[in-house]
Amino acid sequence: MTYIAKPKVAHPSLPRNELGLTTRDYEGAVSTLCAGCGHDSVTAALIQAVFELDIEPHMLAKMSGIGCSSKTPAYFVSQAHGFNSVHGRMPSVTTGANAANRHMTYIGVSGDGDSLSIGAGQFVHAIRRNLNMCYIIENNGVYGLTKGQFSASADIGSLPKKGLPNQQEPIDPVSTALSLGATYIARSFSGDKEQLVPLIKGAIMHSGFALVDVISPCVTFNDHEGSTKSYSHTREHYNHVIDVDYIQPSEEIKASYKQGEAMPVHLHGGDTIILRKLDRDYDPTSRADAFKYLRDRFNAGEITTGLLYVNEAREEMHELMQNTDTPLGQLPYEDLHPGSEELQKLQGRYR
Amino acid sequence: MAAVNDVVIKIATVNGTGSASANGLLRKAIFRMGVPVVGKNYFPSNIQGLPTWYEIRVTGDGYSARSDRVDIMVAMNAQTYAQDLAEVEPGGFLIYDSTWPRSALLNRDDITIIGVPLSKMCIEHFDGARARILMKNIAYVGVIAALLDVDLEIIKGLLEETFADKAHLIQSNMEAIHLGYDYAVAKFPCPIPAKIEKLDKTKGHIVIDGNTAAGLGCVYAGATVGAWYPITPSTSLMDAFRDFCARYRVDPETGKRTYCIIQAEDELAAIGMVLGASWNGARSFTPTSGPGISLMSEFIGFGYYAEIPAVIFNVQRVGPSTGMPTRTQQCDLISCAYASHGDTKHVLLFPADPSECFSMAPIAFDFAERLQTPVMVLSDLDIGMNDWMVPELEWDDDYVPDRGKVCSAEDLEEMESFYRYLDVDGDGIPYRSLPGVHPKGAYFTRGSGHTKYGGYTEDSAAYQEVLDRLLVKWETARTMVPEADIRYSQFNKAAILTLGSGDGPCIEALDRLEAQNIGLNYCRVKAFPFTDAVKDFIEKHDVVYVVEQNRDAQLRTLLINDIDADQDKLVSVLHYDGMPLNAGFVVDQILAEIKKGRAA
């Protein structure tokens, strides 16, 4: 962490987005995480993504549970409401918040302990509901704040700093989300901002549950030789299968894409993402193919990254429930109570 | 002893045999004769096959409690026959299905035993196994109608309402009624002396259960988000909310809903959703029972400390652990009052009947939003799931929800800076901003240590300042909660103090004691924290009999803890067998204490 507060002044040459804001306007408090923590890179990618998407800061809700990852919402967009809830319960709070106001953008930042152990149930059920949110897992395979215990995402054979290697099967959030029917599933690496920013942008714009599993090494407890979540291990075994280019409705598609290697996906809100396939045979709209590919590459020792699955057809929670468009929390009371006369009428059935 | 318009009918059946509608028909018919009734259901944690009972107390005096005797037993369940036979008051009646022979050993000569070949008659008159089982239930209603002189025209009228467009069902049900009725009239002297005579005492009243009333109350309170995990005995509250919303909250043209009900994966998630929705400006609630409160506790503490509204209905059942899930108790008073780790205390409301379940719903939302804290409404299985006669529910069309201290976009625009936890008004209640309203209102909601400005802190003084301010808010809550129902009958040194469903039995007990020239004063608390009037009431008496339905005298503990009540004055009357409290128990316990030398 740094003790030097950054001055809140924007250099005149800093680019501004459509709201006239610079990236500085999307920054948050100074990080208190360890120097070199992968999570800080994810924070930087998040700032870039919401800046580029012209999101009004106060229309963003930053949600989290408990753990190192869950501290990060304090480090971006100070002008957005944040909710640092209890351990593993971010999905339920976000579900309720979203139920009350469907017009806001919800970014949940969680960790592998928060989402795959204590909060596994909530993670799973938020997916089932196809809650419209961007769900980021900052995945480092360890518990940081309690000093280095393995988490449920630790790979078999991965070595801790001290003690015996992990022997339990890892829970892979991507395969889990795939089996549960999540509608946007991506994996990335905190060390690859170029890939991460468009993946996050796509996740935010996607209507429904969007998971971005980010390998985000823990420099203090899990960045050593023998760890499968270290910077060096991740770089060595990185398999870039699909990159994403995010195209806003106002923009033309300028880049030229080779047939078979590019695939446009039209999002609900009118935006488009272009999937650039580095492996021509990969079909990110097929759950079965995605499963097989992930499994095969995992067995080959690779960490598959990119937008691995997308389904724009399934309706998100409010659509499934046929809820009114006005945020439920903003409905005028007159529309909500049936009145005294109706109460009289209704009570006929209880006489 | 039974008398005209003072008779208790208990119907013993097997769970899942469809007796509920027959029992409801009988209870409604008596109500329509203008005679007050109480309907209590004693049911097992089971779908089909285990014993279940329905008890109808006909009470011309209009008491609301369960009776302590049974005058007429309808013994339809061979499994519990011996027990049911033993329960009948001397001079009472037992009706059984004489299609099959009854063991000669199981007899009593101090009661009248009436055999009616119900199965045989129904097999002869109806086709199909299901119809025969259902009609057997209707036939015993006919027998009771004959014995008690229940108006058959009223029964017919009720059937016509129920089966408005199914004429053949009206006819077959009436046929079943007559099978029982005619048989009884032919074979036994009908009606019996303790019959039902028409009165005019149910006008302006309804019969309703507390969960239905609470669900309706949530609709009227303007709740838009309900999250829950199914648990007996609270499930029917959300079922009711769902039914009323389907009726009142769906746009007839677009089919769009102005409510959102989420069946959560567990209670931990249910309360998380409620907090999330309330944080974001919706009136949100969850119904649950004791085990659910245990699971919600961490989040309830979060809501208290981060100061987020939430409304929780706890329909209490027998604990601890899973306990007896279908029996009633008031056993979560302490666990709710102090739910969560750390220093927390919560506003509790104690409805005494379904009418208060309805009227306290908007109060709970108002308090939750005004005080920015979780508020719990503690009813119980007896109130929530049984049929109570209460005055018709009323609604004041001038009601405006109290959304509390919420800054508008304009307020925020004018402010230099917004600080979430500042006690601007000195009442311990800070100002709140809602997400999505204005960038200046943004703050970071957290359960970790925070300063009055809302920032993270590990500074002792700054942390303690917020914690102490929450105590100021607690005292503000004390001035807001509904006043206790206090009745001074005359100058007495002794009194009864109770809460919730203890009200009915205690009021009846007061009458019975009065009849023995023992006049006691009365206090029924309606909320926690306790008001100054409650403190004053206890101070004025030498002895206060604290009547509650749990083993450990939890209400008494709260009185001592919250208002420093003199524990030597507080004498416990504890009922915790899982059955609803009755007046006889209260009277016996108090008389025993008086015998020991306690003041009366």
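Computed from a predicted structure; not experimentally measured.

Participant: In this structure, what is going on with the overall build of chain B? I would like to understand it.
Facilitator: Counting secondary structure elements, chain B contains 19 helices and 23 strands. Of all 600 residues assigned to chain B, the portion counted as buried reaches 55%.

Participant: Help me out: how do you make sense of the overall build of chain A in this one?
Facilitator: In terms of regular secondary structure, chain A is built from eleven helices and twelve strands. In summary, chain A has a C-alpha radius of gyration of 21 Å against a globular reference of 20 Å for 351 residues, a match within 12%. Viewed in the frame of its principal axes, chain A has a C-alpha envelope of about 75 × 50 × 50 Å. With 351 residues in all, chain A has 51% of them scored as buried. A fraction of 71% describes how many contacts in chain A between residues 6 or more apart in sequence connect residues 24 or more apart.

Participant: What is the right way to read unusual backbone geometry from this model?
Facilitator: Keep in mind that most residues, glycine aside, have a negative phi and that most peptide bonds are trans. Residue and element names in this part refer to chain B. The omega torsion of the bond from threonine 232 to proline 233 falls at 5 degrees, within 30 degrees of zero and hence cis. Checked against the element boundaries, proline 233 lands in the loop between strand 8 (225-228) and helix 8 (235-248). For the bond from phenylalanine 528 to proline 529, the omega torsion is 5 degrees, close enough to zero to count as cis. A positive phi is found at asparagine 517, a non-glycine position, where the angle reads about 65 degrees. Its place among the elements puts asparagine 517 in the loop between helix 16 (503-515) and strand 20 (521-525). Classification of asparagine 517 as exposed rests on a count of 7 C-beta atoms within 10 Å. Even without being a glycine, aspartate 564 presents a positive backbone phi close to 55 degrees.

Participant: How should I be thinking about the domain arrangement of chain B in this particular structure?
Facilitator: Quite often, the size of an interface is put as the accessible area lost when its parts meet. Residues and elements named next belong to chain B. We note that the domain assignment places domain 1 (6-202), domain 2 (208-391), domain 3 (406-480) and domain 4 (485-595) within chain B. Taking only C-alpha atoms, the centre of domain 2 and the centre of domain 3 are 25 Å apart. Contact with domain 2, which involves 13 residues of that partner, is made by 13 residues of domain 3. The set of elements that each furnish at least two residues to the side of domain 2 that touches domain 3 consists of helix 10 (290-306) and helix 12 (354-371). The biggest single contributor to the side of domain 2 that touches domain 3 is helix 10, with three residues. A per-class count over the side of domain 2 that touches domain 3 returns seven nonpolar, three polar and three charged.

Participant: Looking at this structure, I do not really get the interface of chain A and chain B. What am I missing?
Facilitator: Opposite the 48 residues of chain A that make contact, chain B presents 52 residues. Those elements that place two or more of their residues in the side of chain A that touches chain B are strand 2 (81-84), helix 3 (90-100), helix 5 (120-128) and helix 11 (339-346) of chain A. The leading source of residues in the side of chain A that touches chain B is helix 3 of chain A, at eight residues. Considering only residue class, the side of chain A that touches chain B consists of 20 nonpolar, 25 polar and three charged. Here three bridges tie strand 2 of chain A to strand 17 (residues 444-446) of chain B, and the two strands are oriented parallel to one another. Residue pairing across strands places glycine 82 of chain A opposite phenylalanine 444 of chain B, the latter belonging to strand 17 of chain B.

Participant: For this particular structure, what's the right way to read the sheet that holds strand 11 (residues 310-316) of chain B?
Facilitator: Strands belonging to one sheet form pairs held by backbone hydrogen bonds; the direction of such a pair is parallel or antiparallel. All names here are of chain B. Strand order in this open sheet of seven strands is 9-8-10-11-13-12-21, and the pairing throughout is mixed. The open sheet terminates on both sides in strands that have one partner only, identified here as strand 9 (260-263) and strand 21 (527-528). Lying on the sheet, helix 9 (residues 267-279) is in contact with strand 8, strand 9, strand 10 (284-288) and strand 11; it crosses strand 10 at an angle near 160 degrees.

Participant: Would you mind showing me how to read the pairing of strand 8 of chain B here?
Facilitator: Both faces of the sheet carry side chains from a regular strand, because those side chains alternate between them. Residue and element names in this part refer to chain B. Burial along strand 8 is two-sided: the residues Val225 and Ala227 and Gly226 and Trp228 are all buried. In the sheet, strand 8 pairs with strand 10 via two bridges, with the strands oriented parallel. Bridging from a neighbouring strand, glycine 226 pairs with phenylalanine 285 of strand 10. The pairing of strand 8 with strand 9 spans four bridges and is classified as parallel. By the bridge assignment, glycine 226 is partnered in strand 9 with isoleucine 261.

Cut-offs and rules
Residues numbered from 1 in each chain as written. Chains lettered and ligands numbered in written order. Predicted model: local features only at pLDDT ≥ 70, side-chain atom pairs only at ≥ 80, totals over all residues. Helix = DSSP H or I, 4+ residues; strand = E, 2+ residues; numbered from the N terminus. Buried ≥ 20, exposed ≤ 12 C-beta atoms within 10 Å, placed from the backbone. Rg over C-alpha atoms; globule rule 2.2 N^0.38 Å. Contact = placed C-beta atoms within 7 Å. Domains from an automatic or database assignment. Nonpolar A, V, L, I, M, F, W, Y, C, P; charged D, E, K, R; others polar. Pairing = 2+ DSSP bridges. Axes fitted to C-alpha atoms, helices over the stretch in contact; angles between N-to-C directions.

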